[in-house]
Amino acid sequence: MGEILSRQPAKSIGRSRSVSKLWSSITTTQGFIKSFAARSSESSQPCDLLIFSKRDKLFVFSFPQTESYQFKIPRDGFLQRYDSVHGLVYLETSTQLMIWNPTMKRFFTLPEPEGSEGKYITGSLGYDPIDCKYKALCHLTGDKIGILTLGSQESWRILSQGFPSHSRRMSDCVICINGVIYYQCFSGLSLAHAIMSFHVRSEKFHLINYPSRDGCFFVSYEGRLALMVSSNGHSGIELWILVNAENHEWVYKHFREFIYVYTPFSIYTRRGDLIHLSSDDWSGFIVIYFDPKENSSRVVKFLGISIDDLKRLRVLGSELIEGLSVVPNHIESLMSL
């Protein structure tokens, strides 16, 4: 039965959970979810999500599996950050982290650390591809860090030592790549800019020095952390690619063919494409995928019913882009929250 169910589309599996208690018990086991994730990663193509935050709503568009939908943001409705980590999207407000599973259309608000362990500063979500576990990382006042494993019924584990001394702001860049969370931080007495890595499986921290100049945006380039920096004028973009975290070694690349404009911005997908995003007045979003290796590009126009809702909000031109983020490499997840 489990083998048959694992070959079904994720949405069909989600519906089956409400039909039969037996099917629900089968499809919510860690083994089944892990098996589905492995099969899905081999046979299905990741999609790119365009997420637009406006007032208390999120408008979501996907490609190439064209889909468009919207929903109301739970709780206070004001988001500071959102990103996709192996099929789950974490939504960060000024006081907490929320987890959203687009496949299952479900939200989960992470519990607050119990007792007087410190107040929430900022957080992030990571995924361990070996044990197939999601972990939330939370920075608290009092130089403390909380770690929570999703779906394990455990409470926050609070760390007050065992990691390099550093501070972090909510506005700092963060990304999870191949089981490692990377985030901007300040370290040392001089509060110098640095990058902290957190290995999701081993829960080890490591401080990484920046290359010759700070990167304005974290991206994934061929499975590695890269810092994207805009070049002067219209001479393309620069990338600093981390090749050895232990020795703080970076490799520099410059793509002159791609015109980089911070707004609308660009980002790497897993295929190695650069994404350039813009709006076409009232009719939708235009996304240009540029392949730096082949020096080729393709243009995609996103249309959907949610565009009508954006029009009602009276958002025009560049203002439409300001609240829009590209989330590449999104996959389906059966993770129950």
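Calculation notes
Residues numbered from 1 in each chain as written. Predicted model: local features only at pLDDT ≥ 70, side-chain atom pairs only at ≥ 80, totals over all residues. Heavy atoms only, no water. Helix = DSSP H or I, 4+ residues; strand = E, 2+ residues; numbered from the N terminus. Areas by Shrake-Rupley, 256 points an atom, 1.4 Å probe, with all protein chains shown as cover. pLDDT = per-residue confidence, 0-100. Contact = heavy atoms within 4.5 Å. Buried < 20%, exposed > 50% of the residue type's maximum accessible area, 1.4 Å probe, protein only. Arc of directions from axis to C-beta. Pairing = 2+ DSSP bridges. Phe/Tyr/Trp six-rings, centres within 6.5 Å; stacked < 30°, edge-to-face > 60°. Lys NZ or Arg CZ within 6 Å of the ring centre and 35° of its normal. Axes fitted to C-alpha atoms, helices over the stretch in contact; angles between N-to-C directions.

Re the overall build of the chain
Across its full length, the chain carries six helices and 25 strands. Accessible surface, the chain as shown: approximately 16,500 Å² in total, 50% of it carbon and sulfur.

Describing the confidence of the model for the chain
This prediction gives the chain a mean pLDDT of 76; 72% of its residues lie at or above 70. Considering only residues more than four positions removed or in separate chains, one finds that residues 260-265, a stretch of pLDDT under 50, has 17 contacts.

Overview of helix H2 (residues 10-19)
Considered for burial, the residues of H2 that qualify are Ala10, Ile13, Gly14, Ser16 and Arg17. In a view along the axis of H2, the buried residues occupy a sector of 160°, so they form one face of it. Turned more than 90 degrees away from the buried face of H2, the exposed residues are Arg15, Ser18 and Val19.

A word on the pairing of strand E9 (residues 133-140)
Counting buried positions along E9 gives seven out of eight residues, so the element sits mostly inside the fold. Hairpin connection, E9 to strand E10 (residues 144-149): the antiparallel pair is bridged by three residues, and Gly142 has positive phi, about 80°.

Digging into the packing of aromatic side chains
A full pass over the atoms with the stated rule returns five aromatic pairs. Here Phe163 and Phe205 contribute two aromatic rings whose centre-to-centre distance is 5.5 Å and whose plane-to-plane angle is 50°, an arrangement assigned as tilted. With Phe163 in the loop between strand E11 (157-159) and strand E12 (166-167) and Phe205 in strand E16 (residues 204-208), this pair connects stretches of sequence that are 42 residues apart. Side by side, Phe163 and Phe205 carry an identical accessibility label, which is buried. Through a chain of ring-to-ring contacts, three or more aromatic side chains come together here, namely Phe163, Phe198 and Phe205. Taking NZ or CZ as reference, Arg168 lies 4.3 Å from the ring centre of Tyr183, over its face.

A few points about the sheet that holds strand E1 (residues 47-54)
On the basis of which strands lie adjacent, the open sheet formed by four strands has the order E3-E2-E1-E25 and antiparallel pairing. Of all strands in the sheet, those with a lone pairing partner are strand E3 (67-72) and strand E25 (324-330), marking the two edges. Pairwise comparison of adjacent strand axes, ignoring direction, gives a mean angle of 20° for this sheet.

As for the sheet that holds strand E4 (residues 81-85)
Judged by pairing direction, the sheet is antiparallel, and its four strands sit side by side in the order E4-E5-E6-E7 without closing on themselves. The sheet is open, and its two edges are formed by E4 and strand E7 (106-109), each paired on a single side. Strand-to-strand twist in this sheet, taken as the mean axis angle between neighbours without regard to direction, amounts to 20°. Pairing analysis gives four bridges linking strand E6 (residues 97-101) to E7, with the strands arranged antiparallel. Considered in E7, the bridge of Met98 is made with Thr109.

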